[in-house]
Amino acid sequence: MSIPDNLNKIKSSLPQHVTLVVVTKTHPVEKLMEVYNAGHIIFGENKVQEMLDKYEQLPKDIQWHLVGHLQSNKVKFIAPFVSLIHSVDSLKLLQEINKQAQKNNRIINCLLQVHIADEETKFGFDFSEIEQLLCSEELNQLKNISIVGLMGMATNTTDPAQIGKEFKSLNIFFKKLQSSYSSFQILSMGMSSDYSIAIENGSTLVRIGSSIFGSRN
Ligand SMILES: *Cc1c(COP(=O)(O)O)cnc(C)c1O
């Protein structure tokens, strides 16, 4: 099937309250334009340089989401235009995002990345670190960021029960925070292989690449 066909098939399968981020990493701008021309404008990239290159070449109404690990020294490059940063995993990074947002006279929306996978390699906070962060004076001082929710990635496994368990635990934590923090609106969970399980477990935003573009190799 073509890229627009894949896109429309996925879009029509998503519940109305679930936002789709089309993850465009590694794909050339021509393919991104196929998605854009089909009417979709929310794109996700995992590398700063690649996002910048594509931002410069593509229409300016595209909303760019950074979904991959972000180093503090690169925040300045995306601060003028990034729409949502999914992968915030330290206070230091938040402070830098705040500083660069201030320079650009804007507020940058962020998600806190939570470590839910049973793997050493995935970045992110654990639940108790997030609770501490949210009530800290350091965070309270950051006026140019808005924390709008959480992001998590499940273990890379074929066991749907394990994936479901991880997403469920994040959803319970998200709901708990939502009752105290009204800015919490987005729960970013689910990629091509596991987005149905993520939606069953409360995801409000899915990040999908290969089911739209085909595999990246
Ligand atoms: C690449 C990537 C995705 C999309 O993965 P697919 O399997 O291609 O759908 C989602 N989230 C993050 C953080 C990614 O790096």
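Note that this is a predicted model, so its numbers are computed, not measured. (Residues numbered from 1 in each chain as written. Predicted model: local features only at pLDDT ≥ 70, side-chain atom pairs only at ≥ 80, totals over all residues. Heavy atoms only, no water.)

**Q** Sorry, what's going on with the site of the ligand here?
**A** The full set of residues close to the ligand is V23, K25, V67, M153, M191, S192, R207, I208, G209, S210 and R216. With respect to the ligand, the side chain of S192 contributes an N or O atom lying 2.5 Å from an oxygen atom. Between the ligand and the protein, one listed contact pairs an oxygen atom with a backbone N or O atom of G209 at 2.8 Å. Within the complex, 91% of the 390 Å² of free accessible area of the ligand lies under protein. Per-class residue counts for the shell around the ligand are five nonpolar, three polar and three charged. (Near = heavy atom within 4 Å. Polar contact = N/O pair within 3.5 Å; in protein donor to acceptor, adjacent residues only side chain to side chain. Areas by Shrake-Rupley, 256 points an atom, 1.4 Å probe, with all protein chains shown as cover. Nonpolar A, V, L, I, M, F, W, Y, C, P; charged D, E, K, R; others polar.)

**Q** Is there a simple way to explain the packing of aromatic side chains in this structure?
**A** Centre-to-centre distance and the angle between the planes together describe a pair of aromatic rings. All told, the structure shown has five aromatic pairs when counted by the stated rule. Centroid distance F127 to F173: 4.2 Å. Interplanar angle 20 degrees. Geometry classified as stacked. Of this pair, F127 sits in helix α6 (residues 127–134) while F173 sits in helix α8 (residues 160–178), and the two are 46 residues apart along the sequence. Their ring planes at 45 degrees and their centres at 5.8 Å tell us that Y181 and F184 sit as a pair that is tilted. A relative accessible area of 2% places F184 in the buried class. Through pairs of rings, three or more aromatic residues link up here, namely F174, Y181 and F184. (Phe/Tyr/Trp six-rings, centres within 6.5 Å; stacked < 30°, edge-to-face > 60°. Helix = DSSP H or I, 4+ residues; strand = E, 2+ residues; numbered from the N terminus. Buried < 20%, exposed > 50% of the residue type's maximum accessible area, 1.4 Å probe, protein only.)

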